[in-house]
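A closer look at the structure
Okay, here's what each chain looks like letter by letter:
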Amino acid sequence: MTLASSHSERVEAHGLSGSDRDDALRLECGVFGVWGHPQAAGVVALGLHMLQHRGQEACGIAAYDGTKFHTERHMGHVGEVFSGPDVVRRLPGFGAIGHTRYSTSGGSFLRNIQPMFADLETGGIAIGHNGNLTNFLYLRRRLVAEGAIFQSTSDSEVILHLIARSRKPNAVDRFVDALAQIEGGYALVALTNDMLIGARDPLGIRPLVIGDLDGRLVLASETCALEGVGARFVRDVEHGEVVVISDKGLTSLRPFPAAKARPCLFEYVYFARPDSVVNGRSVYGVRKRMGARLAAETGVDADVVVPVPDSGVPAAIGFAQASGLPYELGIIRSHYMGRTFIQPTQGVRELGVRMKHSPNREVLEGKRVILIDDSIVRGTTSVKIVRMVREAGAKEVHLRSASPPILWPDFYGIDMPDRQHLLAANKSLEEMRRMLECDTLGFLSVDGLYEAMEAGPRDPDCPQFTDHYFTGDYPTRLVDQDLAANAEADQPDRQLSLLVSA
Ligand code: AMP
């Protein structure tokens, strides 16, 4: 079964109609917003460009010009669809938000592209969302039962419906009312006719930062986007915080009871750009320290340390520096291919790996090579690369993952397959080594990762970060997963293939 069908079927199990079956999980995105700028859409286009690594499938911008909202949503890269001075003419306004979206495993439809817009009793509102709601299917089902008509399978539309149905007097209160009902990981940006709103989930799983662009405030998923538009970093939006930005400046709301923050470790492992500072920590610094710890934990006699580019580069530098071995570019990456995961089927994904990475014989021939990647998920990338390195003449290949074994799926916005496709969840270390055809295989430990984060030892009662993919310790309840489990109990003949195997 391909992943595309597994995702579709999962949705079918929850009763979405056939036409809504694809792409019901919204994963891995970047958001950006600006208020009070005469060329707001142009700034947002630049910001989205800097967030392209967070989503390469589709993007959209919504702008408000004082009278009207303008929105454009397209398949494709930001540079292809929102480049040139034309953007500001097409999307005039002084307030704008934008969204860039990752490919999920299934197909995708224009109607799922964000920002989503709705004309409500309190006026127009556009929303862009990075993350994944863990009670999306529950809420959607309830809303449909109450008569709501959905145009998409996006959870932003669920949020719009919740805002629309709220009986609170103004847009901000309605927005907060909607937030009180959603669960999971989210960084949201919203645009109305008189404000830009930003919100981060109560645990701060997904990131969101505030910047200052010559006195105008901007919101972005990562600090690299602030650099890109020439804005100064002001601060993170805090976990559970709602920020309202208008002509009067910034107002901070804390509508929910205080909880301990648990940001997502995978932002540091893979997702964020290395030049970003996420929750006060340099992603590059963390990745280098992960490499150094990996060297301490899994060092081996070898001639050269080689990264799997680009994701393994900072960790390989850290590994090489800590072990005193030379760091070399033994694999060259084509920058004209998207991330490997973008391919919807395993067959095409495997071909993609071949075209994306090429061996550099000069470095590899006759050498004992330590190969560093940031993570091993299905093992597709690793097995191809190990083979390629060996074919290029390497005498030994020692594969190292700069993150711990991934044992559990993510439900908060990172694109990860079901448990049955996670290599480490299904095989012992020795079985994985044999399958990946390497001489030795090593992973960073969870303690080593916490050390690289420089946040003290992992607190077992309430960890400083969410690390469920490594530990199975989920930071929230999983309403939709429980629903799936109950559906399985109700329909014993249909299950398993229809349901999430968490
Ligand atoms: P795999 O081939 O399935 O083992 O995937 C591992 C490769 O995918 C590594 O090189 C990672 O850099 C990259 N990767 C890890 N996590 C993700 C993710 N959530 N989305 C896309 N790529 C990822």
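Higher on the page you've got the structure.
Here's a quick rundown of the structure. (Residues numbered from 1 in each chain as written. Predicted model: local features only at pLDDT ≥ 70, side-chain atom pairs only at ≥ 80, totals over all residues. Heavy atoms only, no water.)

Next up on the list: the pairing of strand S9 (residues 209-213). Of all the five residues making up S9, five are buried; the element is thus mostly covered by neighbouring parts of the structure. Going residue by residue along S9, you find Val209, Gly211 and Leu213 tucked away on one face and Ile210 and Asp212 tucked away on the opposite face as well. In this sheet, strand S11 (residues 232-236) lies alongside S9 in antiparallel orientation, the contact comprising four bridges. Each bridged residue has a counterpart across the sheet, and for Ile210 the counterpart in S11 is Arg235. Alignment of S9 against strand S10 (residues 216-220), held across five bridges, turns out to be antiparallel. Counterpart to Gly211 in the pairing with S10 is Val218. (Buried < 20%, exposed > 50% of the residue type's maximum accessible area, 1.4 Å probe, protein only. Helix = DSSP H or I, 4+ residues; strand = E, 2+ residues; numbered from the N terminus. Pairing = 2+ DSSP bridges.)

Further remarks concern unusual backbone geometry. Following Gln114, the chain continues to Pro115 via a peptide bond in cis, the omega torsion being 0 degrees. Mapped onto the elements of the fold, Pro115 is located in the loop between strand S4 (95-101) and strand S5 (116-120). A cis amide bond links Pro309 to the next residue, Asp310, at an omega of -5 degrees. Looking at the element boundaries, Asp310 is found in the loop between strand S16 (304-307) and helix H11 (313-323).

Here we come to the packing of aromatic side chains. As enumerated under the stated definition, the model contains 12 aromatic pairs in all. Judged by centre distance (6.5 Å) and plane angle (50 degrees), the rings of Phe266 and Tyr270 are tilted. Taken together, the residues span about one helical turn, with Phe266 and Tyr270 both in helix H9 (residues 266-271) at a distance of four residues. In this pair, the class of Phe266 matches that of Tyr270, namely buried. The structure contains a cluster of three or more aromatic residues connected by ring pairs, namely Trp35, Tyr64, Phe69, Phe94 and Phe117. Geometry around Phe150 places Arg140 over its ring, the cationic atom sitting 4.5 Å from the centre. Arg419 extends its terminal NZ or CZ atom over the ring of Trp408, reaching a point 3.7 Å from the ring centre. (Phe/Tyr/Trp six-rings, centres within 6.5 Å; stacked < 30°, edge-to-face > 60°. Lys NZ or Arg CZ within 6 Å of the ring centre and 35° of its normal.)

On the secondary structure map, Val237 appears in the loop between S11 and strand S12 (242-246). Among the residues examined, Val237 registers a relative accessible area of 0% and is labelled buried. Through-space distance from the C-alpha of Val237 to that of Asp201 is 10.0 Å; in sequence the pair is 36 residues apart. Each residue touching Val237, except ones within four places of it in the same chain, is listed here: Arg200, Leu208, Val209, Ile210, Leu219 and Val243. (Contact = heavy atoms within 4.5 Å.)

Right, let's talk about the side chain of Ser401 for a bit. As for its placement among the helices and strands, Ser401 is situated in strand S20 (residues 396-401). Not counting residues up to four positions away in its chain, the partners in contact with Ser401 are Leu294, Asp373, Asp374, Ser375, Ile376, Gly442, Phe443 and Leu444.

Let us now look at helix H5 (residues 136-145). Turning to H5, its buried residues number three or more, namely Phe136, Leu137, Leu139, Arg140 and Leu143. Take H5 and look down its axis: the buried residues cluster within an arc of 160 degrees, on one side only. Remark: Gly147 follows H5 within two positions and exhibits a positive phi of approximately 110 degrees. (Arc of directions from axis to C-beta.)

To continue, consider the environment of Pro207. The residue Pro207 is located in the loop between strand S8 (196-200) and S9 in this model. The class of Pro207 is buried, set by a relative accessible area of 4%. Linking Pro207 and Glu222, residues 15 residues apart in sequence, is a C-alpha distance of 6.9 Å. Excluding anything up to four places from it in sequence, Pro207 contacts Arg54, Asn130, Ala187, Arg200, Ser221, Glu267 and Val278.

Moving on to helix H10 (residues 283-298). Taking 1.5 Å as the rise per residue, H10 with 16 residues should run 22 Å; its terminal C-alpha atoms sit 22 Å apart, in good agreement. Taken together, the buried positions of H10 are occupied by Val283, Gly285, Val286, Arg287, Met290, Gly291, Leu294, Ala295 and Thr298. Residue Ser282 occupies the N-cap position of H10, its side-chain oxygen lying 3.3 Å from the main-chain nitrogen of Tyr284. (Expected span 1.5 Å × (residues − 1). Polar contact = N/O pair within 3.5 Å; in protein donor to acceptor, adjacent residues only side chain to side chain.)

Any functional reading would require information that these geometric values do not contain.
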